[in-house]
Structures are given as structure tokens and as C-alpha cells.
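A closer look at the structure
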Amino acid sequence: MLTILVLLLLSAGCDSRSNNEVLPSPSPGTGESLSELSGTIVMLTNRIDLIEDGTFQSYADEFKKKYPGAQVEFEGLSNYATDILVRLSTKDAGDVLLLPVNLPAKELSYFFEPLTAELAAQEKFTTFNIYDGKRYGLSTGSTTSGIVYNKQAFKKAGIGRVPQTLDEFYAASAKLKQAGIIPLYMNYGAVWPLREWGNNLVNYMTGNPDYLNNMVQENHPWKIDNEWGQAIAIARTMVAKGYVEDQLFSNNWEISKTKLAKGEAGMYLQGNWTIRQILDAGAKSEDIGFFPFPYDNKPTHYAALNPDWFIGVSKFSKNKELAMAWVEYFLKKTSYTANFLPTDSSEDPALPQYSEFLSYHPKLVEATVQTDAFIDMANRAKLSFWSGDYIQELLAAPDLQKSFDELNEKWKEAREGQQASHEPQAAAVQSR
């Protein structure tokens with residue numbers, strides 16, 4: 001990750017030396033009319049499944065009816081959070097793409113085109129992907145995290161109601177295992193799903209959306225008796241008791257969706273976006289449910305309200321106007337956003353699973369953007385919060401306290417280095 005980041009920043013520095021001014025966004029209302037937009041653009045995405053099943057192509061076909069001369073192609077990245085950094089560093093990032101979550105706001109203008117004022121005004125999560133008054137990305141939906149479960153698997157295991165406390169969650173897992181069902185598919189081998197057990201969980205279980213941001217004020221944020229210790233302990237307990245898949249080291253993300261759809265697995269801890277994928281894997285909608293994760297034995301629990309991936313236009317695109325038109329069409333005219341929670345709280349959820357989730361009255365914690373200070377600290381400490389690999393190491397560690405000590409040492413060194421540095425990261429690269 002450090003090597004990738006260096007490449008990314010060096011690329012940023014080289015680009016900014018040759019073009020210090022941000023180009024104004026092309027306006028769909030000027031120049032040629034929208035119907036005359038033409039050419040081919042490429043969209044990079046993490047949704048390989050929607051490429052393979054033809055969903056994205058159906059969107060492109062409808063788009064082509066409005067813009068006959070336009071062609072939209074798609075490329076899927078299997079490990080998007082990491083792969084996109086490499087692509088950006090080589091300026092081979094297509095025309096439309098999902099913005100990396102670990103890119104400092106001050107670096108946005110090096111890689112992305114500022115959106116038009118009309119598009120920018122639509123954003124609900126106003127603190128994300130904006131810098132110096134310019135917006136560079138729009139959220140593709142609102143998400144939360146919880147337990148996606150198969151109701152038929154619960155019925156077979158004799159589970160009468162969804163778990164409301166952590167003790168009940170463990171008891172339900174034991175019943176599922178006894179019934180020959182994988183209680184919870186953790187997707188340990190896929191790595192990226194493990195984020196739910198780390199920074200995603202600790203950032204909302206406290207009710208404080210700035211929990212991670214506030215870590216920059218501490219030398220030793222990882223402790224057995226705080227939220228980090230609590231979250232990792234639950235995951236380690238699930239592994240130790242055999243409540244997760246046997247083939248831990250195999251990347252079975254696609255297989256796991258089929259297993260949950262068939263009731264061979266009982267639960268996921270994932271975002272609500274997973275529900276549509278489970279249904280597409282063959283599950284009946286009435287067999288799939290969704291409830292807040294009971295991470296302790298208290299009567300009520302917090303749940304995250306996060307933006308999903310943000311979408312934007314590459315600064316290196318040679319057809320920015322068409323790319324802007326596609327972004328607007330993708331968000332406004334396709335069914336893609338129906339797979340998420342409604343951005344307007346007055347609207348009813350599109351899927352019944354969302355209504356079930358909200359019926360348990362979780363306290364929703366609206367996310368705030370990760371600060372540049374936090375992103376800088378994470379990069380200095382060489383911790384890939386967004387990939388989940390450090391969670392994999394914590395779950396496998398023989399001694400959790402020792403692993404926490406090692407993380408704290410890295411964090412302390414990064415914090416001391418950050419305090420010693422008074423020059424902005426990008427500026428430092430440009431001056432070399």
C-alpha cells in the first residue's frame with residue numbers, strides 16, 4: 001500500500017506541475033446539444049456481478065437511446081479499494097469510476113474532474129469528496145450494516161425470533177451449527193468483507209461517527225477493553241467456536257452468496273447492498289431478512305448510515321462531457337440506486353428487508369468524512385483500513401494483546417511523524 005500511495009502521490013505531483021489550475025467542468029447545457037454527445041467511455045466498478053449478468057449493459061443500452069452516438073463500456077476490479085490506486089497512479093482509470101475512500105481531499109483535483117453545480121447540489125453527504133468549494137463525487141446510495149439472514153435456515157434451526165442481544169446471537173449461531181448450517185459466512189479468505197468487524201463496526205457502535213477521526217489524538221487506540229477489543233473479540237469468538245465457514249483461506253465471496261440464498265449458510269454481517277446480490281443468487285425475497293447487529297446485551301443498538309461508493313469523472317478522461325452525462329443518467333435514471341436505503345428519510349424503502357431492519361428501531365449514526373489527518377496517519381502507519389487485511393491478522397493472532405501493541409507502536413510512530421511534518425503531503429512531493 002505504501003508503494004502504491006507513493007506512486008499515486010508522485011503521479012499527483014507530476015500532474016500538478018504541468019497544470020496548476022483546475023479545469024472548469026464542462027456544462028451539458030453549453031456547446032453541442034446533449035443528443036449529439038458521442039464517443040466511447042469506460043466505467044470502472046466493483047460490481048463485477050452486474051457486468052456479468054448484463055445489468056450494466058442494459059443501462060448502457062437505454063443510455064444509447066438518448067445519446068445514439070455514445071458507447072459505454074464497463075470494467076470490473078475484483079479488489080477495487082486497492083486496484084483503483086494502481087490505476088490512478090498510471091492515469092489508466094477509465095472515464096467514470098468509483099472514488100477511492102483513502103484519497104485525501106486535498107488530492108482530489110489531481111485525479112478527478114469537478115462536477116457541475118447542478119450535479120453537486122444533489123449530494124446528501126455534503127462533507128464527502130469536496131475540496132476548496134468543488135465537489136468531485138456523488139454517492140451512489142445510502143447504506144447501513146447489519147445481519148442479512150436466511151429465514152428458512154433460522155426455521156430449520158428452531159430459531160423463533162431474530163437475536164436482540166449478543167448472547168442471543170451466539171445462541172442462534174449454536175443452533176444453526178447444530179442443524180448442519182454454517183451460522184455466519186465471514187468471508188475471511190476474501191479479506192475485504194472483514195472491514196465490517198473492524199473500523200466499520202467500531203465507528204458506529206459508540207454512536208460517534210468521528211471515532212476513527214479522533215484516533216489521531218491517541219498514541220494507543222487499540223485496547224482490549226475498548227470498542228476495538230470488543231469488536232475483534234466477537235469475531236474471534238465466532239471463529240473459535242466454529243460458527244463460520246470451514247474453508248477460511250479460500251476466496252469464496254460468490255459461492256457464499258449462493259450458500260446464503262439456499263440456506264446452507266445462515267447469516268452475513270454486511271451492508272444492505274448485499275441483499276440484492278443474495279436475491280440475484282436465487283433466494284426468494286420472503287426468505288431473506290435483515291436486522292441490526294446486536295454487538296452487546298443492551299436493549300438498543302446503533303447502526304451506521306453511510307454513503308455507498310461515490311462516483312465521479314476521471315480528470316484523464318478525453319470525453320468528460322459524455323462522462324458527466326453518464327454519471328447523471330446512472331444516478332437518476334437507472335434502477336441501481338433502488339438497491340440502497342432511500343436518501344430522503346420521508347421515502348419508504350424499496351425492499352421489505354429495509355423495513356424489517358428499521359422496525360427494530362436502531363439508532364442510526366450518519367457518517368462523517370474521514371479527515372485528511374486520519375488518512376495521512378493510516379498511510380504513515382501502513383495500515384490499509386479499507387482493505388481489511390489487518391483484521392484478518394488480528395483474527396488469526398495467537399495473542400491479541402500483542403497484536404494490538406504492534407498496531408499501537410505503528411500508530412504512535414506515525415503520529416509523531418505527522419506532528420513533525422508541517423508541509424502538506426502533495427506539496428512535499430511537488431517540491432522534490
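Above this text is the structure in question.
In this report, the structure presented in the accompanying data block is examined. (Residues numbered from 1 in each chain as written. Predicted model: local features only at pLDDT ≥ 70, side-chain atom pairs only at ≥ 80, totals over all residues. Heavy atoms only, no water.)

With respect to the packing of aromatic side chains
Considering all chains together, one arrives at 38 aromatic pairs under this definition. Summarising the aromatic geometry, the rings of F169 and F293 are spaced 5.3 Å apart at their centres and angled 80 degrees between planes, so their arrangement reads as edge-to-face. With F169 in helix α8 (residues 166-178) and F293 in the loop between β12 (288-291) and β13 (302-307), this pair connects stretches of sequence that are 124 residues apart. We note that F169, like F293, is buried. (Phe/Tyr/Trp six-rings, centres within 6.5 Å; stacked < 30°, edge-to-face > 60°. Helix = DSSP H or I, 4+ residues; strand = E, 2+ residues; numbered from the N terminus. Buried < 20%, exposed > 50% of the residue type's maximum accessible area, 1.4 Å probe, protein only.)

What about the sheet that holds β13?
Backbone hydrogen bonds are what pair the strands of a sheet, in a parallel or an antiparallel way. Strand order in the open sheet formed by three strands is β8-β13-β15, with mixed pairing between adjacent strands. Two strands close off the open sheet at either side, each with one partner strand: β8 (142-143) and β15 (363-366). Here β13 runs beside β15; their pairing, made up of four bridges, is parallel. Bridged to A304 within β15 is V365. (Pairing = 2+ DSSP bridges.)

Points about the environment of K65
Positionally, K65 belongs in helix α3 (residues 55-66). A polar atom in the side chain of K65 sits 3.0 Å from the side chain of E62. (Polar contact = N/O pair within 3.5 Å; in protein donor to acceptor, adjacent residues only side chain to side chain.)

Observations concerning the nonpolar core
Judged by nonpolar contacts, the single largest core of 74 residues is most densely connected at F63, F112, I311, W326 and F330. Among the elements that take part in this core, helix α14 (residues 320-333) stands out by supplying nine residues, more than any other. Apart from the residues within four sequence positions on either side, F112 is in contact with L88, L97, L99, P100, L103, Y136, V313, S314 and K315. In terms of nonpolar packing, the next biggest core, distinct from the first, is built from 59 residues, V162, L166, I181 and L184 among them. (Core = buried A, V, L, I, M, F, W, Y, C linked by side-chain atoms within 4.5 Å. Contact = heavy atoms within 4.5 Å.)

Points about the packing of helix α11 (residues 227-240) against helix α17 (residues 389-396)
In a pair of packed helices, the angle between the axes and the distance between the axes together describe the arrangement. At a minimum axis distance of 9 Å, the contact between α11 and α17 shows a crossing angle of 70 degrees. In terms of axis orientation, α11 runs roughly perpendicular to α17. For the pair α11 and α17, the sense of crossing is right-handed. Seen from α11, the contacting residues are W228, I232, A235 and R236; seen from α17, they are Y390, I391, L394 and L395. Along the lines of polarity and charge, the residues of the contact of α11 with α17 split into seven nonpolar, no polar and one charged. (Axes fitted to C-alpha atoms, helices over the stretch in contact; angles between N-to-C directions. Parallel < 35°, antiparallel > 145°, perpendicular 65-115°, else oblique. Left-handed = near helix turned anticlockwise from the far one by under 90°. Nonpolar A, V, L, I, M, F, W, Y, C, P; charged D, E, K, R; others polar.)

Everything listed here is a matter of geometry and, on its own, says nothing about what the molecule does.
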